[in-house]
Amino acid sequence: MAQPNPAKVRFQFVTQRPRDDGCGVFVLQMLTGRPYGQLAGMIDWGAQTNHYTTWKELSCVLSELGWRIGEVRKVESWSDVIGVALVHVEGDHFILYDADNGIFYDPGQWEGPDLDTQLVPLSYLPVHLPESA
């Protein structure tokens, strides 16, 4: 694990471990600084007990919180991702990536953030801090 310069770390890391679900909500938690329960409560899972999220659900939560978001973009490599982004990677998993500083916030890891990843990006959603923050 390659530790980033603490001065470059913009988000508080939160792990989903030992859970296997909830990565999307944990990514939102790292991005927004809001509690998991509050963010999870903004998503209607119905009778579903596992917290698996989709781009639509993540986008709706961010929009409701006043975050400016772009459109989901397909990517072929990490160099295609710009700015701060929620990234969907192989294995149906979400992480937060700060491309400006080259820092990966993977809630599937026990510790983080990290300067390296073996994950393969599939698509990403660029995000921008809300004006009121």
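Along each chain, the written sequence defines residue order, and numbers are assigned to residues from 1. Note on the predicted model: pLDDT of at least 70 is required for a residue's local features to be given, and 80 or more for side-chain atom pairs to be given and counted; whole-chain, interface and lining totals, by contrast, use all residues. Side-chain numbers come from the whole structure's heavy atoms, not from hydrogens or water.

### So, the pattern of salt bridges
Now for step 1: By salt bridge we mean one thing: a side-chain nitrogen of Lys or Arg within 4 Å of a carboxyl oxygen of Asp or Glu. In total, this model carries four salt bridges according to the counting rule given.
Now for step 2: The partner of Asp-100 in a salt bridge is Arg-10, and the shortest N-O contact between them spans 3.5 Å. Of this pair, Asp-100 sits in the loop between strand 4 (93–98) and strand 5 (103–105) while Arg-10 is found in the segment before helix 1 (23–32), placing the two residues 90 residues apart along the sequence.
Now for step 3: Each residue gets one of three labels from its accessible area relative to the maximum for its type: buried under 20%, exposed over 50%, partly exposed in between, using a 1.4 Å probe on protein chains only. Among the residues examined, Arg-10 registers a relative accessible area of 45% and is labelled partly exposed.
Now for step 4: By sharing partners, the salt bridges in this structure join Arg-10, Asp-98 and Asp-100 into a single network. A run of H or I in DSSP becomes a helix once it reaches four residues, and a run of E becomes a strand once it reaches two; helices and strands are each numbered from the N terminus.

### Structural notes on helix 3 (residues 55–64)
Now for step 1: Considered for burial, the residues of helix 3 that qualify are Trp-55, Leu-58, Ser-59, Val-61 and Leu-62. One face of helix 3 carries all of its buried residues, which in axial projection span an arc of 160°. In this structure, helix 3 carries Lys-56 and Glu-64 as exposed residues pointing more than 90 degrees from its buried face.
Now for step 2: By the convention used here, residues are in contact when the closest approach between their heavy atoms is within 4.5 Å. For helix 3, the secondary structure elements touched by its buried residues are helix 1, helix 2 (36–40), strand 1 (68–69), strand 3 (84–89), strand 4 and strand 6 (121–128).
Now for step 3: Positive backbone phi, at 90°, marks Gly-66, one or two positions downstream of helix 3. By arc we mean the arc of the directions from the helix axis to the C-beta atoms, nothing more.

### Details of the pairing of strand 4
Now for step 1: Counting buried positions along strand 4 yields six of six residues, so the element is predominantly enclosed.
Now for step 2: As paired strands, strand 3 and strand 4 are joined by six bridges and run antiparallel to one another. Its bridge partner lying in strand 4, Val-84 is registered against Asp-98.
Now for step 3: Paired strands, in this sense, are two strands between which DSSP finds at least two bridges. Here strand 4 runs beside strand 5; their pairing, made up of three bridges, is antiparallel. Counterpart to Tyr-97 in the pairing with strand 5 is Phe-104.
Now for step 4: Where strand 4 folds back on strand 5, the antiparallel hairpin that results is connected by four residues, among which Gly-102 adopts a positive phi of roughly 65°.

### Here we look at the nonpolar core
Now for step 1: Here, the term nonpolar core denotes a set of buried Ala, Val, Leu, Ile, Met, Phe, Trp, Tyr and Cys residues that are joined through side-chain atoms within 4.5 Å. Among the nonpolar cores identified, the biggest contains 29 residues, and Leu-31, Leu-62, Leu-86, Leu-96 and Val-127 are the most heavily contacted of them.
Now for step 2: Listed by contribution, the elements that provide at least two residues to this core are helix 1, helix 2, helix 3, strand 3, strand 4, strand 5 and strand 6.
Now for step 3: Ranked by the residues each element gives to this core, the list is headed by helix 1, at seven residues.
Now for step 4: Residues in contact with Val-127, not counting those within four places in the same chain, are Leu-31, Leu-62, Trp-67, Arg-68, Ile-69, Val-84, Ala-85 and Leu-86.

### Observations concerning the side chain of Ser-123
Now for step 1: For Ser-123, the location among the structural elements is in strand 6.
Now for step 2: Within the structure, the side chain of Ser-123 is placed 3.2 Å from the side chain of Trp-55, a separation counted as a polar contact.
Now for step 3: In this structure Ser-123 touches Trp-55, Val-72, Arg-73, Lys-74, Val-75, Leu-86, Val-87 and His-88, once residues within four positions along its chain are discounted. Under this definition, polar contacts are N or O atom pairs within 3.5 Å; protein pairs additionally need one hydrogen-donor-capable and one acceptor-capable atom, and for neighbouring residues in sequence, both atoms have to be side-chain atoms.

### Side note on the packing of aromatic side chains
Note on aromatic pairs: each is described by the distance of the centres and the angle between the planes.
Now for step 1: The pairing test for Phe, Tyr and Trp rings, Trp by its six-membered ring, is centres within 6.5 Å, and the orientation test on the planes gives stacked under 30 degrees, edge-to-face over 60, and tilted for anything in between. Scanning the entire structure with this criterion turns up six aromatic pairs.
Now for step 2: With a centroid separation of 4.8 Å and an interplanar angle of 80°, the aromatic rings of Trp-78 and Phe-104 are classed as edge-to-face. Residue Trp-78 is located in the loop between strand 2 (73–74) and strand 3, and its partner Phe-104 is located in strand 5; the two are separated by 26 residues in the primary sequence.
Now for step 3: Judged by relative accessible area, which is 16%, Trp-78 ranks as buried.
Now for step 4: By relative accessible area, which is 8% here, Phe-104 ends up buried.
Now for step 5: Ring centres of Tyr-97 and Phe-104 lie 4.3 Å apart, and the angle between their planes is 20°; this geometry places the pair in the stacked category.
Now for step 6: Classification of Tyr-97 as buried rests on a relative accessible area of 8%.
Now for step 7: Among the aromatic side chains, those forming a connected cluster through ring pairs are Trp-78, Tyr-97 and Phe-104.

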